[in-house]
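Working through the structure, step by step
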Amino acid sequence: MKKIQSILNIIKLMRPQSVMLMLLFIYIPIFMRTREYIYVLSQVIPMYFLLTGEIILNDYVDVEKDKINKQHRPLAAGKVCMYVAKRMIIIMFIGAIIFGIMFYKKNILSLLLFLLIFIVLTGYSLYIKQIAVIKTFVTAFVTLLCICFINTIIDYGIDIYVLSVISFFYIY
């Protein structure tokens, strides 16, 4: 029973409902354009690993703040130890890189944008999020990168880049 509870706490740490909502941002436009389930799944798998790793990293970095503000989170509540969280981050990031290379290697621009999103999100969690003005800028920038990433897969054309830049300034 204790082992099952430990597994459930690790799943809670991974926040699958949040990751799935974020993945819909990628899944829906690609599916609407291609109507190919397997292809869409292959494009979403690397992002699943990346986003899950980033969520765990965020909780890992914020564990002391979360002990005050968000005690229900598994790390803050002590239901998952820091060692396990660190291992999960490493596993998710390695999975993201492996699957990213595997699925995006034919489209170098998709791969480069994926790696840039990875770097920016990791930098955000580790260094940037404490700086209020830059935090908003980075959030807008990552949204712009995701829109560009989707465009490299489904190729809406140059209009999407104009829309992306406009949305960036709107978000910022």
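The sections below set out a description of the structure shown in this document. Please read all numbers here as calculations on a predicted model, not as lab measurements. (Residues numbered from 1 in each chain as written. Predicted model: local features only at pLDDT ≥ 70, side-chain atom pairs only at ≥ 80, totals over all residues. Heavy atoms only, no water.)

**Observations concerning the overall build of the protein**
Scanning the protein from N- to C-terminus turns up eight helices and zero strands. The secondary structure elements of the protein, listed N-terminal to C-terminal, are α-α-α-α-α-α-α-α. The buried share of the protein, reckoned over its 172 residues, is 42%. Restricting to contacts in the protein with at least 6 residues of sequence separation, those with at least 24 account for 70%. Put simply, the protein shows about 10,100 Å² of open surface, and 72% of that area lies on carbon and sulfur atoms. (Helix = DSSP H or I, 4+ residues; strand = E, 2+ residues; numbered from the N terminus. Buried < 20%, exposed > 50% of the residue type's maximum accessible area, 1.4 Å probe, protein only. Contact = heavy atoms within 4.5 Å. Areas by Shrake-Rupley, 256 points an atom, 1.4 Å probe, with all protein chains shown as cover.)

**Focus on the packing of helix α5 (residues 82-104) against helix α6 (residues 108-128)**
Contact pair α5 / α6: the axes reach a minimum separation of 9 Å and the direction vectors enclose 165 degrees. Here α5 lies roughly antiparallel to α6, going by the angle between them. Relative to α6, α5 is oriented so that their crossing is right-handed. Residue-level contacts link F93, A96, I97, G100, I101 and Y104 of α5 to I108, S110, L111, F114, F118 and T122 of α6. (Axes fitted to C-alpha atoms, helices over the stretch in contact; angles between N-to-C directions. Parallel < 35°, antiparallel > 145°, perpendicular 65-115°, else oblique. Left-handed = near helix turned anticlockwise from the far one by under 90°.)

**Observations concerning the pattern of salt bridges**
This model, assessed by the stated rule, comprises four salt bridges. Of the charged contacts in the structure, one is a salt bridge between D59 and R15, with a shortest N-O distance of 2.4 Å. Of this pair, D59 sits in helix α3 (residues 37-61) while R15 is found in the loop between α1 (2-14) and α2 (16-34), placing the two residues 44 residues apart along the sequence. You can call R15 buried: its relative accessible area is 16%. D59 is the salt-bridge partner of R73, the closest N and O atoms lying 3.2 Å from each other. One end of the pair, R73, is in the loop between α4 (63-69) and α5; the other, D59, is in helix α3, and 14 residues separate them in sequence. On the basis of relative accessibility, which here comes to 2%, the residue D59 falls in the buried class. It is possible to trace a salt-bridge network through shared partners that takes in R15, D59 and R73. (Salt bridge = Lys/Arg side-chain N within 4 Å of Asp/Glu carboxyl O.)

**Brief notes about unusual backbone geometry**
Of note, the phi angle at R15 is positive, near 45 degrees, even though the residue is not glycine. For R35, which is not a glycine, the phi torsion comes out positive at approximately 60 degrees. For R35, the location among the structural elements is in the loop between α2 and α3.

**Some details on the environment of G78**
Considering the arrangement of structural elements, one finds G78 in the loop between α4 and α5. Distance in space between the C-alpha atoms of G78 and N9 is 9.9 Å, their sequence separation being 69 residues.

**Some thoughts on the packing of aromatic side chains**
Summed over the entire model, instances satisfying the criterion amount to nine aromatic pairs. On the numbers, 6.0 Å between centres and 10 degrees between planes, the contact of F99 with F103 is stacked. A residue pair is termed a helical-turn pair when its members lie 3 or 4 positions apart in one helix, as F99 and F103 do in helix α5 at four residues. In this structure F103 comes out as partly exposed when scored by relative accessible area, which is 26%. Aromatic ring contacts, followed pair by pair, group Y48, F49, F99 and F103 into a single cluster. (Phe/Tyr/Trp six-rings, centres within 6.5 Å; stacked < 30°, edge-to-face > 60°.)

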